[in-house]
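# Residue-level structural notes
Residues per chain are reported as follows:
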Amino acid sequence: MSAHDHAHDEYEYEYVGPDHEHDGPDHDAHGHGGHGGHGHGHGGHSHGVDPDADRRWLGIALGLIVGFMAVEVVIGVMVHSLALISDAAHMLTDAVSIVLALVAMRLAARPARGGFTFGLKRAEILSAQANGLTLLLLGAWLAYEAVRRLMDPPPVAGGPVLATALAGIVVNVGAAWCMSRANRSSLAVEGAYQHVLNDLFAFIGTAVAGLIVLTTGFVQADAIATLVVVALMFRAGYGLVRESGRIFLEAAPAHLDPDAVGDRLVGQPPVTEVHDLHIWTITSGQAALSAHVLVEPEGDCHAVRRDLEALLAKEYGVTHTTLQVDHVQDALLTVGRAGTLPDGGDAHCADAHGPVHRQGPHAH
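We now turn to the structure provided with this report. (Residues numbered from 1 in each chain as written. Predicted model: local features only at pLDDT ≥ 70, side-chain atom pairs only at ≥ 80, totals over all residues. Heavy atoms only, no water.)

Here we come to the packing of aromatic side chains. The geometry of an aromatic ring pair is captured by two quantities: the separation of the ring centres and the angle between the planes. Under the defined criterion, the tally for this structure stands at two aromatic pairs. Taken together, a centroid distance of 5.2 Å and an interplanar angle of 90 degrees make the contact between Trp57 and Trp177 edge-to-face. Within this pair, whereas Trp57 is found in helix α1 (residues 55-79), its partner Trp177 is found in helix α4 (residues 158-180), the two being separated by 120 residues in sequence. Of the residues examined, Trp177 reaches a relative accessible area of 46% and is grouped as partly exposed. Their ring planes at 70 degrees and their centres at 5.8 Å tell us that Phe68 and Phe203 sit as a pair that is edge-to-face. Here Phe203 lies in helix α5 (residues 187-216) and Phe68 lies in helix α1, a separation of 135 residues in the sequence. (Phe/Tyr/Trp six-rings, centres within 6.5 Å; stacked < 30°, edge-to-face > 60°. Helix = DSSP H or I, 4+ residues; strand = E, 2+ residues; numbered from the N terminus. Buried < 20%, exposed > 50% of the residue type's maximum accessible area, 1.4 Å probe, protein only.)

Now the structure itself:
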């Protein structure tokens, strides 16, 4: 017999953190009676891309980047500088990332409706992943071109390369400053900001390469600077793909250990067991948690749920919670570490996922 098969209290409760205002359909308090009661917590936190993120600053940064990128491509082709062309390609990905972030802001601000029960909050994660993949593919092409030019370098005019790179440094400093004024709680916005910073470092490398070519005639410095840019692109692209991939695969946020969270919850009396514990990220900065919690027969399920939701909000910053709290069966009080009842039945849900957390030492 599973823990679902016996009579238990059924209820649903919404935990609302301090200073939280219900400002739309996403946040309306609700209550639904029914089997397998649970609670949703939506504490005072930002759900992904904040609707009030300053689009104007992102637009200014986008204008600076696109305008200079066009000039840089022309100069790079004229002076045969792959470093300048690679910098321009990097700026293109910066521009795309900002555009995608702006689009994601619009989509994420839409209220949940129909089959999209979380709204379109993961639009920003899609944009971040697309941007990361673009960086990796473009970096691979530039790496190939750089190696080819190392073996057979074309003539490069160091003066125009140096002058253009110095102008690029100024433009990227301005763009980075504009983006720092915008809301960076979004993975897409933060990714675009980091790209601009990487581009700033790349321009510094290109300026050094231009100076070397101008003073020594060592034209391979241009290709070497390109490889430095490629390394930065790979680093940024891999980071975006990895982080967005974790979110799409419903992995727990990197800063949260589900086993540690489960042990913390089961350590609160009168909780005896926590299983089916899931922690995932809905969108940037919005972690969610669900779990089935069993308490001692004399325990107050309502009070336990409120206490656990408050604990999760205070210690882990998780305010979007779904906790099903039931009284434990008497037979479960004598359960062994094997996780089965004395009659061989399952100690919890018929189809439990993940480890079972109980008081005292137990396997994870």
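The next point concerns the pattern of salt bridges. In the structure shown here, the tally under the stated rule is four salt bridges. Note that Glu273 and Arg358 form a salt bridge whose closest N and O atoms lie 3.0 Å from each other. Taken as a pair, Glu273 in strand β3 (residues 271-283) and Arg358 in strand β6 (residues 357-358) lie far apart in primary sequence, 85 residues in all. Of the two residues, Glu273 and Arg358, both sit in the buried class. (Salt bridge = Lys/Arg side-chain N within 4 Å of Asp/Glu carboxyl O.)

This part takes up the nonpolar core. Counting residues in each nonpolar core, the largest one holds 28 residues, and the members touching the most others are Leu58, Ala61, Ile65, Met91, Ile98, Met179 and Val196. Excluding its chain neighbours within four sequence positions, the residues that come into contact with Leu58 are Ile98, Leu102, Met105, Met179, Ala182 and Val189. One finds Leu277, Val293, Cys301 and Leu312 within the second-largest nonpolar core, a separate group that totals 22 residues. (Core = buried A, V, L, I, M, F, W, Y, C linked by side-chain atoms within 4.5 Å. Contact = heavy atoms within 4.5 Å.)

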